[in-house]
Amino acid sequence: AAMPPPGVGAPPTPAAPSQTMVADSLNASSQWWAKLEILEAEGQPPQEVFLSAESVVVGRTPQANVILPVPYVSRTHCTLRLDQSGAGLPCRLVVRDTSSNGTFINGNLVGKNSEASLCVGERLTFSRAQQFPRATLAQLRSPAGTASEPSSAAKPATPGAP
């Protein structure tokens, strides 16, 4: 069998080692419903994190789904979940603050044990004093199997076709 040329198929080398770790189970699924971009420092490329679990824990503990190993991030800092109730929230990604230092959406405190919705383009930070790491909601979509977005297969190929 022919060997591929060097560098083909190899993962790209990151500019700087990323501290943020993501549970394998989270990125493994193609059934993701939200994409976060986590920025650890100014000028670094963001790390894309795809949320596929029903609820996602962000924190410092190794048991978290998204691990941010910095001292001011609580062990279980916040939980992200998809709101499927359509309960009139402006956006379907719900952030529950379970931290000591606070979880902030665009600089506004969510409040311990309170919930707020995060919309596409909004920024999540994990301390009033620190701007990094921070997460931006890059994309939100309906998870597979929900009826809110019909698949293209359900539409007829030509309008009015029998």
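(A) Fine view of the overall build of the chain. In terms of regular secondary structure, the chain is built from one helix and 12 strands. Ordered by position in the sequence, the α and β elements of the chain form the string β-α-β-β-β-β-β-β-β-β-β-β-β. Residue burial in the chain is summarised as follows: out of 162 residues, 36% are buried. For the chain, the share of sequence-separated contacts (at least 6 apart) that also reach a separation of at least 24 residues comes to 42%.

(B) Looking closely at unusual backbone geometry. With an omega of -10°, the peptide bond running from Phe132 to Pro133 counts as cis. Positive phi values are uncommon outside glycine, yet Asn106 reaches one of about 50°. Within the element layout of this structure, Asn106 appears in the loop between strand 8 (104-105) and strand 9 (108-109).

(C) Representation of the sheet that holds strand 10 (residues 115-118). Across the sheet, six strands lie side by side as 1-5-4-6-7-10; this open sheet has mixed pairing. A single partner strand is all that each edge strand has here, and the edge strands are strand 1 (21-22) and strand 10.

(D) Broad picture of the pairing of strand 12 (residues 134-140). As paired strands, strand 2 (residues 34-39) and strand 12 are joined by six bridges and run antiparallel to one another. When the bridges of strand 12 are listed, Ile38 appears paired with Ala135.

(E) Inspection of the sheet that holds strand 12 at higher detail. Spatial ordering of the open sheet is given by 3-2-12-11-8-9, a layout of six strands whose pairing is antiparallel. Of all strands in the sheet, those with a lone pairing partner are strand 3 (47-51) and strand 9, marking the two edges.

(F) The arrangement of the environment of Thr20 in detail. For Thr20, the position within the fold is in the segment before strand 1. Separated by 20 residues in sequence, Thr20 and Glu40 have C-alpha atoms that sit 7.9 Å apart. Non-local contacts of Thr20, meaning those with residues more than four positions away in its chain, are made with Ile38, Glu40, Gln47, Val66, Ile67, Leu68 and Pro69.

(G) A look at the side chain of Thr103. Relative to the elements of secondary structure, Thr103 occurs in the loop between strand 7 (93-97) and strand 8. For Thr103, a relative accessible area of 0% gives the class buried. In contact with Thr103, not counting residues within four places along its chain, are His77, Cys78, Val95, Asp97, Asn108, Leu109, Val110, Gly111, Leu124 and Thr125.

(H) Quick peek at the packing of aromatic side chains. Inspection of the entire model under this criterion finds one aromatic pair. We note Arg141 situated over the ring of Trp32; from NZ or CZ to the ring centre the distance is 3.7 Å.

Analysis parameters
Residues numbered from 1 in each chain as written. Predicted model: local features only at pLDDT ≥ 70, side-chain atom pairs only at ≥ 80, totals over all residues. Heavy atoms only, no water. Helix = DSSP H or I, 4+ residues; strand = E, 2+ residues; numbered from the N terminus. Buried < 20%, exposed > 50% of the residue type's maximum accessible area, 1.4 Å probe, protein only. Contact = heavy atoms within 4.5 Å. Pairing = 2+ DSSP bridges. Phe/Tyr/Trp six-rings, centres within 6.5 Å; stacked < 30°, edge-to-face > 60°. Lys NZ or Arg CZ within 6 Å of the ring centre and 35° of its normal.

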